[in-house]
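Commentary on secondary and tertiary structure
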Amino acid sequence: MTDCDVAVIGAGAAGLSVAAISAGLGLKVALFERAAMGGDCLNHGCVPSKALLAAAHAAHAARRAGRFGVVLPPPAIDWAGVRAHVAGAIAAIAPNDSEERFTAMGVTVVRAAARFVAPEAIEAAGRRFRFRRAVVAAGSAAIVPPIPGLAEVPFLTNETLFALDAPPGHLVVVGGGPIGLEMAQAHARLGCRVSLIESARIAGREDPECIAPLRAALLEDGVALHEGAEVAAVSRDGPGIAVVLGDGTRIHGTHLLLAVGRAPRLAGLGLDAGGIAHSPRGIATTRALRSTTNRRVWAAGDIADPEGLGPRAFTHVCSQHAGIIARAMLFRLPARLSYDALPRVTYTDPGIAQIGPTEAELRAAGREDLVITRWPLAENDRLVAEGRAEGLVKLVADRKGRLLGASVVGPGAGEMAGMFALAIGRRLSALAGAVLPYPTAQEAAKRAAGEFYAPKLLSPAVKRILGLLKRLP
Ligand SMILES: Cc1cc2nc3c(=O)[nH]c(=O)nc-3n(C[C@H](O)[C@H](O)[C@H](O)COP(=O)(O)OP(=O)(O)OC[C@H]3O[C@@H](n4cnc5c(N)ncnc54)[C@H](O)[C@@H]3O)c2cc1C
Ligand SMILES: NC(=O)c1ccc[n+]([C@@H]2O[C@H](COP(=O)([O-])OP(=O)(O)OC[C@H]3O[C@@H](n4cnc5c(N)ncnc54)[C@H](O)[C@@H]3O)[C@@H](O)[C@H]2O)c1
């Protein structure tokens, strides 16, 4: 006798989606959560970070209002007000992820840590739950790198950053990926001094052509960028911290934020007792997100390590995983995860959006038949009118004009991502021929697509045909 059809460990974006779909289909679902409902995205990730960025962008807009002839005094930052805005955003979204909502759906919500005690059983809150199928969606946590002295100094991660009572006087950010970049810009625009240390280059995964506008904006925001720099040691420095770089540079900060990547939360799950293969990258799964060693078990979200693809840490990937699991686990239909059209956005200003693979990733995969087109945002009327015309749309297509990847750097880059996500794998003629509203930033996408056909339109053959056609009455 089983206690549930589907046991879900983790009530973050991935676990909640799986639980909602399963319960909606009338299955008996048990959902285990040891901390706050909603997981990282709601409590320590997307929502507070985007709320903080909204406050930062408001301060920035006030500072640059003068260029529009709107004269304002320099903005004053009321940190309590900023925190209230962040808390308000979380509180407004929280009911969607709440225990009450899921209980009303018929889900048994167990607010306790869960662990596998057998390939078909989980233990939580002193009770054993036998399951027909289980989904592990325990997420990921900030990596704490082996920096000498780190054990002796206080440091922040995404789990503690949003709870500061007062603004950091000088925030030292280690890591120039999406978290480090977004939080560096947010705090700089909210009046904090910010230093960012990145061992390689900022936004290292993104197309190199997209980096310069972001780097320039961060420098203008006052962020002290240390790229290609290693943290050699950290130590206490009076009430703050001292960070020493490999070249001997000493940075005195008040707060240290670690943003050097994520590690799956594997500890305490009893994966060995459950017969569930895993590595430091996450739970090993097939492309249908099924455990490679326990056929009753699936993995979703940040903790999943699908073969040939590897982990991804995005909330929209959690929803994608839930859809794959619904097909494969619930309907027993064929399902195969693909990231060919996956969007990702760094929500800085300018933002960077990548949809599908970058040119470098395609070339590394052996693609040689690439045609690249570009459209500079300096040519976009809407952005010119708004005084923000800096950036680029870059498209990578095959020779037949099928879109393989798109890279965007510019104001609101993320708002263009959805259109490209739909266009991946299709011919650029669809984008080039679309009638888009004028004036919008999205027109840059159409123009970049049109660039694929421009050389063909100007070819000698087309000119000859036009020469003949003009003789017709
Ligand atoms: C600062 C920051 C900003 C981000 N911004 C964005 C963004 O703008 N866009 C985007 O797409 N993504 C963003 N992300 C990534 C996104 O937040 C994650 O990809 C997503 O939240 C992962 O969801 P998940 O369900 O896999 O894991 P989680 O949200 O971590 O949920 C896992 C849950 O499992 C629980 N759990 C773990 N072990 C157990 C156990 N043994 N028993 C019971 N419960 C357990 C945990 O308490 C947790 O609540 C951001 C992340 C961070 C840190
Ligand atoms: N807007 C978004 O969608 C968004 C925002 C935040 C986070 N996320 C997700 O969370 C993930 C984790 O973000 P992240 O920024 O922590 O990690 P990341 O892995 O994306 O970037 C970490 C950066 O830190 C650098 N680094 C590593 N060790 C270092 C060291 N010792 N000293 C200096 N630099 C070092 C790396 O070179 C890299 O550039 C992202 O990859 C993304 O999937 C998404």
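Residues numbered from 1 in each chain as written. Chains lettered and ligands numbered in written order. Predicted model: local features only at pLDDT ≥ 70, side-chain atom pairs only at ≥ 80, totals over all residues.

Our focus in this paragraph is the overall build of the chain. When helices and strands are counted, the chain shows 15 helices and 24 strands. Expressed as lengths along the three principal axes of its C-alpha atoms, the size of the chain is roughly 85 × 60 × 40 Å. Expressed as a percentage of its 473 residues, the buried residues of the chain come to 44%. (Helix = DSSP H or I, 4+ residues; strand = E, 2+ residues; numbered from the N terminus. Buried ≥ 20, exposed ≤ 12 C-beta atoms within 10 Å, placed from the backbone.)

This part is about the site of ligand 2. Around ligand 2, 25 residues are found, and the nearest of them are Gly175, Gly177, Ile179, Gly261 and Ala313. Among the elements of the structure, helix 7 (178-189), strand 9 (193-198) and strand 20 (343-346) are those that each provide at least two residues to the shell around ligand 2. By residue number, the principal contributor to the shell around ligand 2 is helix 7, which donates four residues. By residue class, the composition of the shell around ligand 2 is 13 nonpolar, eight polar and four charged. Counting contributing residues per domain, the shell around ligand 2 is built from domain 2 (150-261) and domain 3 (343-457), each supplying no fewer than three. (Near = placed C-beta within 6 Å. Nonpolar A, V, L, I, M, F, W, Y, C, P; charged D, E, K, R; others polar. Domains from an automatic or database assignment.)

Here we come to the pairing of strand 4 (residues 114-118). Inspection of the sheet shows strand 4 paired to strand 5 (residues 121-124) by four bridges, in the antiparallel sense. By the bridge assignment, Ala118 is partnered in strand 5 with Ala121. Connecting strand 4 to the antiparallel partner strand 5 that follows it, the hairpin turn spans two residues. (Pairing = 2+ DSSP bridges.)

A word on the site of ligand 1. Lining the immediate surroundings of ligand 1 are 38 residues, of which Gly10, Gly12, Gly39, Gly139 and Gly301 lie closest. Of all the secondary-structure elements, those providing two or more residues to the shell around ligand 1 are helix 1 (13-24), helix 2 (39-43), helix 3 (46-63), strand 4 and helix 9 (315-330). The class makeup of the residues in the shell around ligand 1 is 19 nonpolar, twelve polar and seven charged.

Moving on: the packing of helix 3 against helix 4 (residues 79-93). Running from N to C, helix 3 and helix 4 cross one another at 140°; their axes reach a closest spacing of 9 Å. In terms of their interaxial angle, helix 3 and helix 4 are classed as oblique. Relative to helix 4, helix 3 is oriented so that their crossing is right-handed. Contacts from Val47, Pro48, Ala51, Leu52 and Ala55 in helix 3 reach Val82, His85, Val86, Ala89, Ile90 and Ile93 in helix 4. Considered class by class, the residues forming the contact of helix 3 with helix 4 number ten nonpolar, one polar and no charged. (Axes fitted to C-alpha atoms, helices over the stretch in contact; angles between N-to-C directions. Parallel < 35°, antiparallel > 145°, perpendicular 65-115°, else oblique. Left-handed = near helix turned anticlockwise from the far one by under 90°. Contact = placed C-beta atoms within 7 Å.)

The assigned domain composition of the chain is domain 1 (2-37 + 98-142 + 263-330), domain 2 (150-261) and domain 3 (343-457). Using C-alpha coordinates to define each centre, domain 1 is positioned 33 Å away from domain 2.

What follows covers the environment of Phe131. For Phe131, the location among the structural elements is in strand 6 (residues 127-136). Taking the number of C-beta atoms within 10 Å as the measure of exposure, Phe131 has 22 and is therefore buried. The sequence separation of Phe131 and Glu443 amounts to 312 residues, and the corresponding C-alpha distance is 51 Å. Excluding residues that lie within four positions of it along the chain, Phe131 makes contacts with Thr2, Asp3, Cys4, Val6, Ala7, Glu120 and Ile122.

Before going further, it helps to spend a moment on the UniProt feature "domain: FAD/NAD(P)-binding" (unreviewed entry) in the chain. In this structure's numbering, the residues bearing the UniProt feature "domain: FAD/NAD(P)-binding" (unreviewed entry) are residues 5-308. Here residues 5-308 is 27% helix and 28% strand, with 29 Å between the C-alpha atoms at its ends. (UniProt positions renumbered as here; feature names shortened; annotations may be inferred.)

Before going further, it helps to spend a moment on helix 9. In this model helix 9 runs 21 Å from its N-terminal to its C-terminal C-alpha over 16 residues, within 8% of the 22 Å that 1.5 Å per residue would give. All of the buried residues in helix 9 are Thr315, Val317, Cys318, Gln320, His321, Ala322, Ile324, Ile325, Ala328 and Met329. The inward-facing, buried residues of helix 9 contact helix 1, helix 2, helix 3, strand 6, strand 18 (297-299) and strand 19 (304-306). Looking one or two residues past helix 9, Arg332 carries a phi angle of roughly 55°, positive in sign. (Expected span 1.5 Å × (residues − 1).)

On any regular strand, side chains alternate: one points to one face of the sheet, the next to the other face. As defined by bridge partners, strand 16 (residues 278-279) adjoins strand 17 (residues 282-285) across two bridges and the pair is classed as antiparallel. From the neighbouring strand, Ser279 faces strand 17, where its bridge partner is Gly282. Pairing of strand 17 with strand 19, which is carried by three bridges, proceeds in the parallel orientation. Paired with Thr285 across the strands is Pro306, a residue of strand 19.

As a further point, take the sheet that holds strand 9. Strand order in the open sheet formed by four strands is 10-9-8-14, with parallel pairing between adjacent strands. Edge strands, defined here as strands with exactly one partner in the open sheet, are strand 10 (224-227) and strand 14 (255-258). Sheet twist, expressed as the mean angle between neighbouring strand axes with direction ignored, is 15°. Alignment of strand 8 (residues 170-174) against strand 9, held across five bridges, turns out to be parallel. Looking at the pairing, Val173 lines up with Leu196 of strand 9.

Here we take up the sheet that holds strand 16. If you trace the three strands from one edge of the open sheet to the other, you get 16-17-19, paired in mixed fashion. Edge positions in the sheet fall to strand 16 and strand 19, since each has one partner strand and no second.

To continue, consider unusual backbone geometry. Cis geometry marks the peptide bond from Asp349 to Pro350; its omega dihedral reads 0°. Relative to the helices and strands, Pro350 resides in the loop between strand 20 and strand 21 (351-355). Tyr438 connects to Pro439 through a cis peptide bond whose omega is -10°. Position of Pro439 relative to the elements: it lies in the loop between helix 13 (428-432) and helix 14 (443-457). Unusually for a residue other than glycine, Arg332 sits at a positive phi of about 55°. You can see Arg332 is positioned in the loop between helix 9 and strand 20.

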